[in-house]
Amino acid sequence: MPRLSQPKFQSESSSSSSEGEIDLEEVSDSPSEDEQDHVPVTPSKRKGKAKAAPENDFGNSQIIVQTSFDAYITYTAARAQTSTNVFSQLVMPLSAEEYSDAIAGIKDRRVVPAIATEPLRSQVFERFMFELDEGFNILCYGFGSKRKLLNDFATEYCSKSGYVVVANGFQPDFSLKDLLNSIENVPGIQDVEITSSAVDGQAQRIYEFFARPEQKIHLYLIIHNIDAAPLRAAKAKSILSFLALNPRIHIVASVDHINAPLLWSSYESAMRKPDNVSESDPVRGFSWLWHDLTTLESYDFELAFTDKASISGAHGGGPRRKADAAAAGAAAMSETAALHILASVTQKAQKLFSLLGTKQLESIDEAGEGAGTQDLQQFGLSYDALFNAARDNFIATNDTALRSLLGEFRDHGLVVSAQAGSGGGEVLWIPLRKERLVNVLQSLQVE
């Protein structure tokens, strides 16, 4: 057995160590192999400050162990190791022309589905015409671009039976007003008198024209991506459902969004076209027949308006896209997004938006027809003029209050500002096309 000695404590007078130090000495023989696992009675010989971190007898680990809560706090307080070298910033996204040139030399390895080859293709088109004549409208789904196949159907079959209007709903600047304006180019529609030039009046005129008993030529609407954002609005769905149940108006549309069936209720989807089209209050619905039109075609044309070299390109972002939009004054804000923003601000902020929107519409009306689709900055209102108008309407009495109300709109891109040329000061405008701005202001008045 080893001999153990009591630890000797040195006095302050005889100690050569500094004040407060303890000298521990162990005198023992080498333990046998079977005693190596025993816990030593006395600590090992060491010199050091008493305040030094103690060591565990079983090893060098600390006695105080960090809990999971402490580990979480330490982790969250640490600096995030995120690189600022984003690919979309290092490499400029491709334009539509650059993308087309890049893929032009790629060897075509597409798999041609059976529906795009004869004789199945002709059989599908003939079935479409039969179902349209029976009072149904056709909704095509499936993987792959359906644009080329539906355009072929419109050219080879629909054009021989009536008027054809093709709408590209996937375009970011597309609106319901554009579709109705194209339909009104049909000879004779302009002769029908309407009480309003808004989209409701246009839809009523189109419906009445094709509801006449003497009207024998039908109208075929080919709508690519009816599930696109401009056609998902409540007003757009209401007008399309109004036209869809006219016996002489037929709709062939495509969808690509996975949640597209949720756009219409079962009542709207199953509603049949009435026999009497002269009813004072016509029913609304679509009378859809769903068809799987899987083509496996690439969405090159549909994605021509997005950036191909950035992840945000799928949402219409990217440095080049944003720069082009800012340069052209494009109205990237949708009507639905504007209503969501306005619903979350104060009543004074809503009044300020209505004031700015009204002034902008007055400037557009003074510019004449078609001005609402041009650069909207030229129809903006100077900051001084907006401040004077807001003060007269008791919306903001000082500069601080006005900038506070504008801050929420600027953060969400609902109000855009820029410096006018020749030292003209700051100019503010709403990035919404005329018809969309009118709808938003009408919604604010209803609320």
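Here the structure is a predicted model, which means the values were calculated and not measured.

**Q** Looking at this model, I keep getting lost on the nonpolar core. Mind explaining?
**A** Soluble globular proteins tend to bury their nonpolar side chains together. Among the nonpolar cores identified, the biggest contains 38 residues, and Ile223 and Ile226 are the most heavily contacted of them. Among the elements that make up this core, the one with the highest residue count is helix α7 (residues 199-211) (seven residues). Ile226 has contacts with Leu139, Leu231, Leu240, Ala253, Ser254, Val255, Trp264 and Trp288, leaving out every residue within four places of it along the chain. Core analysis: the second largest hydrophobic core is formed by 31 residues, Ala349, Phe387, Ala390 and Ile395 among them.

**Q** Which parts of the structure should I look at to understand helix α13 (residues 347-367)?
**A** Each full turn of the α-helix corresponds to 3.6 residues, which orients residues three or four apart in the same direction. The first and last C-alpha atoms of α13 sit 30 Å apart over 21 residues, in line with the 30 Å expected at 1.5 Å per residue. Turning to α13, its buried residues are Ala349, Leu352, Phe353, Leu355, Leu356, Gly357, Gln360, Leu361 and Ile364.

**Q** Would you explain helix α9 (residues 234-244) in this entry?
**A** When we look at burial in α9, the residues that qualify are Ala236, Ile239, Leu240, Ser241, Phe242, Leu243 and Ala244. Close packing links the buried residues of α9 with β1 (137-141), α6 (176-183), α7, β3 (218-224), α8 (229-232) and β4 (249-254).

**Q** Just checking my understanding: could you explain the sheet that holds strand β7 (residues 416-419) for this structure?
**A** Note on sheets: strands pair through backbone hydrogen bonds, and any given pair is parallel or antiparallel. Ordered by their spatial adjacency, three strands build an open sheet running β6-β8-β7, and the pairing between neighbours is antiparallel. Only two strands of the sheet have a single neighbouring strand rather than two, namely β6 (381-382) and β7.

**Q** For this particular structure, what's the right way to read the packing of aromatic side chains?
**A** For any pair of aromatic rings, the description consists of the separation of the ring centres together with the inter-plane angle of the planes. In total, this model carries twelve aromatic pairs according to the counting rule given. Considering the side-chain rings of Phe170 and Phe301, the 5.8 Å spacing of their centres and the 90 degrees angle between planes classify their relative orientation as edge-to-face. Of this pair, Phe170 sits in the loop between β2 (162-168) and α6 while Phe301 sits in the loop between β5 (288-292) and α11 (319-328), and the two are 131 residues apart along the sequence. Among the residues examined, Phe170 registers a relative accessible area of 14% and is labelled buried.

**Q** What am I meant to see in a nonpolar patch on the surface here?
**A** On the surface, Phe69, Tyr72 and Ile73 cluster together into a nonpolar patch covering about 350 Å² of accessible area. For Phe69, the position within the fold is in helix α1 (residues 68-77). What makes Phe69 exposed here is its relative accessible area of 55%.

Here is what the cut-offs are and how they apply
Residues numbered from 1 in each chain as written. Predicted model: local features only at pLDDT ≥ 70, side-chain atom pairs only at ≥ 80, totals over all residues. Heavy atoms only, no water. Core = buried A, V, L, I, M, F, W, Y, C linked by side-chain atoms within 4.5 Å. Buried < 20%, exposed > 50% of the residue type's maximum accessible area, 1.4 Å probe, protein only. Helix = DSSP H or I, 4+ residues; strand = E, 2+ residues; numbered from the N terminus. Contact = heavy atoms within 4.5 Å. Expected span 1.5 Å × (residues − 1). Pairing = 2+ DSSP bridges. Phe/Tyr/Trp six-rings, centres within 6.5 Å; stacked < 30°, edge-to-face > 60°. Patch = residues over 30% accessible without salt bridge, like charges linked within 9 Å, V, L, I, M, F, W, Y side chains within 5 Å. Areas by Shrake-Rupley, 256 points an atom, 1.4 Å probe, with all protein chains shown as cover. Salt bridge = Lys/Arg side-chain N within 4 Å of Asp/Glu carboxyl O.

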